[in-house]
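Here are the chains, one letter per residue:
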Amino acid sequence: MTPQLPYATLKQIFARFAEAEPHPKGELEHTNAFTLLVAVALSAQATDAGVNKATRKLFQIADTPEKMLALGEEGLIEHIRTIGLYRNKAKNVIRLSRLLIENFGGEVPSSRAALTTLPGVGRKTANVVLNMWFHHPAQAVDTHIFRVGNRTGIAPGKDEAAVERAIEDNVPAEYQGHAHHWLILHGRYICTARNPKCGICPIRDWCLYPEKTA
């Protein structure tokens, strides 16, 4: 496993990320906490672009749990059938909408424990919502962050939970709020799985990856 980069190096790396993109944002389109929760739940094993294409019209007519229940499972399916696993995801969205009304007064809760009681909402989805809507420095580790964390030495770990812990334990506090967005964008556009763009990488000088490309 790649060794963990030291504090001083991480401080330089995240200062570089912040200089290049001071206010990184997630790419899932949403209008409120509920639509963000639904969008993230739908994004499992799907691209953000694909989810956005499906939800633009959906969220115009169903942007609250009550409106989603009124639309119903079959009505929801008509909007999201281009997304992978759409039938199971539709069931979960309808069920979580009902539970939000029954258990949380129709509001999206702001704790990880409460969020993960909802159907189709695991730790990663909860962390995205906590970070993006409630501005809690939660780290949602996806395949991009897992790859970047291990490849560079920013946050090495044997699984997603270990990488999440490595970010929380090692990244300087002032960068925790945006850390997962910087790492996702870096993995999505520069530190790609195949043929990483090391030649234009802003953190190349500190990266521990031994097989850098030109």
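Residues numbered from 1 in each chain as written. Predicted model: local features only at pLDDT ≥ 70, side-chain atom pairs only at ≥ 80, totals over all residues. Heavy atoms only, no water.

The name that an unreviewed UniProt entry assigns to the protein chain is Endonuclease III, with the source organism given as Tabrizicola soli. Looking at the Sequence similarities (unreviewed entry) heading of the UniProt record, one finds this comment for the protein chain: "Belongs to the Nth/MutY family." In the Catalytic activity (unreviewed entry) part of its UniProt record, the protein chain is described as follows: "2'-deoxyribonucleotide-(2'-deoxyribose 5'-phosphate)-2'-deoxyribonucleotide-DNA = a 3'-end 2'-deoxyribonucleotide-(2,3-dehydro-2,3-deoxyribose 5'-phosphate)-DNA + a 5'-end 5'-phospho-2'-deoxyribonucleoside-DNA + H(+)". (UniProt positions renumbered as here; feature names shortened; annotations may be inferred.)

A. Summary view of the nonpolar core. Ranked by size, the top nonpolar core spans 36 residues in total, and within it Leu37, Met68, Leu76, Ile80, Val108 and Leu115 carry the most contacts. For this core, the elements supplying multiple residues, two or more each, are helix H2 (33-42), helix H3 (48-61), helix H4 (65-80), helix H5 (86-104) and helix H7 (123-132). Among the elements that take part in this core, H2 stands out by supplying eight residues, more than any other. The residues touching Ile80, leaving out its near neighbours within four places in the chain, are Leu42, Ala54, Leu58, Tyr86 and Ala90. (Core = buried A, V, L, I, M, F, W, Y, C linked by side-chain atoms within 4.5 Å. Buried < 20%, exposed > 50% of the residue type's maximum accessible area, 1.4 Å probe, protein only. Helix = DSSP H or I, 4+ residues; strand = E, 2+ residues; numbered from the N terminus. Contact = heavy atoms within 4.5 Å.)

B. Spatial organisation of the packing of aromatic side chains. Enumeration according to the criterion identifies four aromatic pairs in this entry. Each ring, one from Phe14 and one from Tyr175, has its centre 6.1 Å from the other, and the planes form 25°; the classification is stacked. One end of the pair, Phe14, is in helix H1 (residues 7-20); the other, Tyr175, is in the loop between helix H9 (160-170) and helix H10 (176-189), and 161 residues separate them in sequence. On the accessibility criterion, Phe14 (0% relative accessible area) is buried. A relative accessible area of 14% places Tyr175 in the buried class. Centre to centre, the rings of Phe14 and Trp182 are 6.1 Å apart; their planes meet at 55°, and the pair counts as tilted. With a gap of 168 residues between them, Phe14 in helix H1 and Trp182 in helix H10 connect regions that are remote in the sequence. An identical accessibility class is assigned to Phe14 and Trp182; each is buried. One aromatic cluster in this structure is built from Phe14, Phe17, Tyr175 and Trp182. In this arrangement the basic side chain of Arg151 is found over the ring face of Tyr209, its NZ or CZ atom lying 4.7 Å from the centre. (Phe/Tyr/Trp six-rings, centres within 6.5 Å; stacked < 30°, edge-to-face > 60°. Lys NZ or Arg CZ within 6 Å of the ring centre and 35° of its normal.)

C. Local environment of the side chain of Thr152. Relative to the helices and strands, Thr152 is located in helix H8 (residues 143-152). Looking at Thr152, its side chain comes within polar contact range of the main-chain nitrogen of Ile154, at 3.0 Å. Residues within four places of Thr152 in sequence aside, it is in contact with Thr2, Leu5, Ile203, Trp206, Cys207 and Leu208. (Polar contact = N/O pair within 3.5 Å; in protein donor to acceptor, adjacent residues only side chain to side chain.)

D. Main features of the domain arrangement of the protein chain. In terms of domains, the protein chain is made up of domain 1 (7-24 + 138-200) and domain 2 (33-132). In this structure, domain 1 and domain 2 have C-alpha centres spaced 26 Å apart. Each side of the interface is counted separately: domain 1 has twelve residues, and domain 2 has nine residues. Per-residue buried area on domain 1 facing domain 2 is highest for Ala138, Ala140 and Glu164; these three make up 51% of the total on that side. Counting across the domain 1 and domain 2 interface gives two salt bridges. Between Arg188 and Asp48 there is a salt bridge; the shortest N-O distance is 3.4 Å. Elements with a minimum of two residues in the side of domain 1 that touches domain 2: H9 and H10. Broken down by element, the residue count for the side of domain 1 that touches domain 2 peaks at five residues, all from H10. Residues that form the side of domain 1 that touches domain 2 fall into these classes: three nonpolar, five polar and four charged. (Domains from an automatic or database assignment. Buried area = accessible area lost by both parts, 1.4 Å probe. Salt bridge = Lys/Arg side-chain N within 4 Å of Asp/Glu carboxyl O. Nonpolar A, V, L, I, M, F, W, Y, C, P; charged D, E, K, R; others polar.)

E. Here's a closer look at the packing of H2 against H5. Running from N to C, H2 and H5 cross one another at 150°; their axes reach a closest spacing of 10 Å. Taken together, the axis directions place H2 and H5 in an arrangement best described as roughly antiparallel. The crossing of H2 and H5 is right-handed. Only Lys89, Val93, Leu96, Ser97 and Leu100 of H5 make contact with H2, whose side of the interface consists of Phe34, Leu37, Val38, Ala41 and Leu42. (Axes fitted to C-alpha atoms, helices over the stretch in contact; angles between N-to-C directions. Parallel < 35°, antiparallel > 145°, perpendicular 65-115°, else oblique. Left-handed = near helix turned anticlockwise from the far one by under 90°.)

F. Representation of empty space enclosed by the protein. For the structure on display, the rule yields one cavity of 30 Å³ or more. Volume-wise, the largest cavity comes out at about 80 Å³. What lines the largest cavity is a set of 13 residues, among which His186, Cys191, Cys198, Cys201 and Cys207 lie closest to the centre. Considering only residue class, the lining of the largest cavity consists of seven nonpolar, two polar and four charged. (1 Å grid on protein atoms, 1.4 Å probe; cavity = no way out; pocket = protein on both sides within 12 Å on 5 of 7 lines; lining within 4 Å. Points joined across faces, edges and corners; volume = space filled by probe spheres on them.)

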